[in-house]
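# Geometric and topological summary
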Amino acid sequence: MRKNSMLYKGVLFEDSLDNYFSRESTSICQFLYFLCIDDIAKHVERTFYTNKSWHFKYSVSSMIKLFVVKCFRNLSYDKTISSLTEEEAILLSFYDENDHIKLPSGGTLHHFVKYRLGEEGVNEIMMLLGEKILKLSSAKEAKIDSTPLEASRYDKHADYNSHYECKMDKAHITMVGTYPVFMTHTKGVAGDSPELITHIEALKKMNADLDLYSADGGYDSFLNHSDIWYHLDAKPIISYASNAVIKKEGEEERINHWVNKKWRIGGDVHAPMENKLKFLYEIGRKEQVGMYLRNQNMRDEAFDEQYKKRAECEKIHGYIKGTVKFDIRRVRNQSRKLYSLLSFISYQLLVLTEMQNKVGDKNSFGRYF
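Residue numbers here run from 1 along each chain, matching the order of that chain's written sequence. Given that this is a predicted model, residues contribute local features only at a pLDDT of at least 70 and side-chain atom pairs are listed and counted only at 80 or more, while totals for whole chains, interfaces and linings are drawn from all residues. For side-chain calculations, the full set of non-hydrogen atoms in the structure is used, while hydrogens and water are omitted.

## Topic: the overall build of the protein chain
Under the scheme used here, helices are H or I runs from DSSP no shorter than 4 residues and strands are E runs no shorter than 2 residues, and both carry numbers assigned from the N terminus. The helix and strand tally for the protein chain stands at 14 helices and 8 strands. Its C-alpha atoms put the protein chain at 75 × 50 × 45 Å along the principal axes. Here the protein chain holds 369 residues, and the buried ones make up 52% of them. Contact definition: two residues touch when any of their heavy atoms are within 4.5 Å. Taking as baseline every contact in the protein chain between residues at least 6 positions apart, the subset at least 24 positions apart corresponds to 66%. Of the accessible surface of the protein chain, which amounts to about 18000 Å², a share of 47% is contributed by carbon and sulfur atoms. Under the scheme applied here, a residue whose accessible area is under 20% of the maximum for its type counts as buried, over 50% as exposed, and between as partly exposed, the area being computed with a 1.4 Å probe on protein chains only. To be clear on the numbers: accessible area is Shrake-Rupley with a 1.4 Å probe, and residue cover counts the displayed protein chains and nothing else.

## What about the packing of aromatic side chains?
In summary, the pairing rule links any two rings of Phe, Tyr or Trp, Trp by its six-membered ring, whose centres are within 6.5 Å, and it sorts them by plane angle into stacked for under 30 degrees, edge-to-face for over 60 and tilted for everything else. Summed over the entire model, instances satisfying the criterion amount to 10 aromatic pairs. Relative to Tyr77, the ring of Phe67 lies with its centre 6.4 Å away and its plane at 45°, an arrangement referred to as tilted. Note that Phe67 is positioned in helix α3 (residues 60–73) and Tyr77 in helix α4 (residues 77–83), a separation of 10 residues in sequence. Among the residues examined, Phe67 registers a relative accessible area of 4% and is labelled buried. Measuring from centroid to centroid gives 4.0 Å for Tyr230 and Tyr281, while their planes differ by 10°, and the two rings are stacked. Of this pair, Tyr230 sits in helix α8 (residues 222–232) while Tyr281 sits in helix α10 (residues 273–282); the two residues are 51 residues apart in sequence, bridging distant segments of the chain. Assessed through its relative accessible area of 25%, Tyr230 is described here as partly exposed. By the ring-pair criterion, three or more aromatic residues cluster together here, those being Phe31, Tyr347, Phe365 and Tyr368. Placement of a charge over a ring requires the Lys NZ or Arg CZ to be within 6 Å of the ring centre, with the centre-to-atom vector within 35 degrees of the ring normal. Here the guanidinium or amino end of Lys70 rests over the ring plane of Tyr77, the centre of that ring lying 4.8 Å away. The cationic tip of Arg285 hangs over the ring face of Trp258; the distance from NZ or CZ to the ring centre is 3.6 Å.

## Thoughts on the nonpolar core
Grouping buried Ala, Val, Leu, Ile, Met, Phe, Trp, Tyr and Cys residues that are joined through side-chain atoms within 4.5 Å yields what is termed a nonpolar core. In terms of nonpolar packing, the biggest core is built from 92 residues, with Ile28, Leu32 and Tyr213 touching the most fellow members. It is helix α14 (residues 336–356) that contributes the most residues to this core, 12 residues altogether. How far each domain reaches was decided by an automatic or database domain assignment. Here this core gathers at least three residues from each of two domains, domain 1 (3–135 + 336–357) and domain 2 (139–312). Discounting residues that sit within four places of it in the chain, Ile28 has contacts with Val69, Phe72, Arg73, Leu350, Tyr368 and Phe369. Residues Ile255, Leu277, Val289 and Tyr292 belong to the second largest nonpolar core, which totals 12 residues.

## Points about the pairing of strand β6 (residues 179–187)
Burial analysis of β6 places 8 of its 9 residues in the buried class, the great majority of the element. If DSSP finds at least two bridges between two strands, the strands pair. Summarising the sheet, strand β5 (residues 166–176) and β6 pair through 8 bridges and their orientation is antiparallel. Bridging from a neighbouring strand, Lys170 pairs with Thr186 of β6. Between β5 and β6, which pair antiparallel and follow one another directly, the connecting turn spans 2 residues, one of which, Gly177, has a positive phi of 65°.

## Remarks on the domain arrangement of the protein chain
Structurally, the protein chain comprises domain 1 (3–135 + 336–357) and domain 2 (139–312). Taking only C-alpha atoms into account, the centre of domain 1 sits 35 Å from that of domain 2. Contacts between domain 1 and domain 2 engage 15 residues on the former and 18 residues on the latter. Of the roughly 1500 Å² buried between domain 1 and domain 2, counting both surfaces, carbon and sulfur atoms make up 75%. Here the buried area means the combined drop in accessible surface, using a 1.4 Å probe, for two parts upon being joined, counting both sides. Of all residues in domain 1, Met127, Leu134 and Arg336 bury the most surface against domain 2, accounting for 39% of the area lost on that side. Put simply, a salt bridge is a Lys or Arg side-chain nitrogen that is within 4 Å of an Asp or Glu carboxyl oxygen. Summed over the shared surface of domain 1 and domain 2, the result is 1 salt bridge.

## What to know about the UniProt feature "domain: Transposase IS4-like" (unreviewed entry) in the protein chain
Taking the numbering used here, the UniProt-annotated feature "domain: Transposase IS4-like" (unreviewed entry) corresponds to residues 144–336. Here residues 144–336 is 38% helix and 20% strand, with 21 Å between the C-alpha atoms at its ends. UniProt positions are given in the numbering used here, feature names are shortened, and annotations may be inferred rather than shown by experiment.

## Regarding the pattern of salt bridges
For the coordinates displayed, the defined rule picks out 19 salt bridges. With a closest N to O distance of 3.0 Å, Glu150 and Arg329 form a salt bridge. Here the residue Glu150 occupies a position in strand β3 (residues 141–150), and Arg329 occupies one in the loop between α13 (312–323) and α14, the gap between them amounting to 179 residues. You can call Glu150 partly exposed: its relative accessible area is 32%. The exposure class of Arg329 is partly exposed, given its relative accessible area of 29%.

## A closer look at the packing of α8 against α10
Contact geometry for α8 and α10: axes closest at 11 Å, N-to-C directions at 115°. Classed by the angle they form, the pair α8 and α10 counts as roughly perpendicular. Along this stretch, α8 crosses α10, giving a crossing that reads as left-handed. Residues Ser226, Asp227, Trp229, Tyr230 and His231 of α8 pack against Glu274, Leu277, Lys278, Tyr281 and Glu282 of α10. Here an axis means a line fitted to C-alpha atoms, over the contact stretch when the element is a helix, while the angle between two N-to-C directions is reported on a 0 to 180 degree scale. The labels follow the angle: roughly parallel below 35 degrees, roughly antiparallel above 145, roughly perpendicular from 65 to 115, and oblique for the rest. Take the far helix as the reference: if the near one is turned anticlockwise from it by less than a right angle, the crossing is left-handed, and if turned clockwise, right-handed.

As C-alpha cells, this is what we get:
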C-alpha cells in the first residue's frame, strides 16, 4: 500500500489508505488524498491555461478532485464547497503558502469544468486516465456495451427508447477487465455499431495490449470484426445471430483466390494467413476479412466461454450509476454530453485511486461519504 506525505504548518504527516479500511465510513476527500494525478494536472495547465499567473490561483489537481467530490456527493457547485470541512479542504490541498484554508467559490469550480476544460479538455483527461488504467491493469480482455442515461419522462429533448421503455441518451463504454477506459455519448435511439470505430481508435491511441474485444449482437458486422482485428491485433468476440451461416467468401479458398488475383500489387498466396488478411484489408476487402474472422468464431468451441466475460458490463454500469450521477435528469440539453463525460471520468479517477493503492476490493465505494 502506497504512503502519502504532506507538510502542513511545519509538520510532516504520513498516511496510508490501508489505515481506513477498518472504518465503517470515511470521507471521499480522505480517499482522494491518495490519488496521484500530477502528470494529468500538468498537461491541463500546459494545454488549457495561459501563462498568466492568476490562472493558477488553485491547484489543477485539487480542482479535478473537487469535481469528483461534487459528482460523488451529487451536490450543486455551491453546496459542494459548503459541504467541505476544514480537514477535507486540507486533504484536497486547498491551502496557501501561509497554510491558510483557501477554497474556490462554486462559480469558480463551475467555470473550471465547463469553460476552462469543456468537452475537449474532459475528453483529453479521459484518454490520459484510460492510458494510466491500462498500464496498471494486467487484463487483456476488452468489452464494449451501451447503457441508458435516463431523462425525465417530460423531457422534450430526449429520445424515447422502446427497448428500455424510457426517454434517454446513451453512454457507450469500453472496459478492460472491470475498468472503464473510454466513453462516447449519443442520443437515445442511436445505433451501437457506428460507435465502435471511435472506441477502437481510442484504444489504439492508448497503446492497449489486448487479446480479445467482446461485444453483443448490436455490433455484429463484418467490418467491425475486421476493424478490431486489424487495428488492435485482438480477436473480435462478437455475438452472432442464431441463424447466422458460414460465409463462403470468408473461406480459405476464396481468401487465396483474391490474394492471387491481386498478385500484381503484392498479393502472395504462399504467405501466412495473417499476412494475406492484412493485405486484403489494406486493399479495401475489409468485409471479406470480417467474414473469415466470423467464420472462425462460429467454428471455435471456446467462443461461448470467451463471450461470457462480456456479462461484466452491466454489473460495472450499475456500479457507476450507484456511485456518481449518471443520468441526464435536470441537465440542460446543451450540457448533457459534457456532464455525462465528467461523471464518467470521476468514476475513472475513483478506480485509478484503488489501482494506485492496490486496493483488493475493486469498484467498492460504499464506505465513503
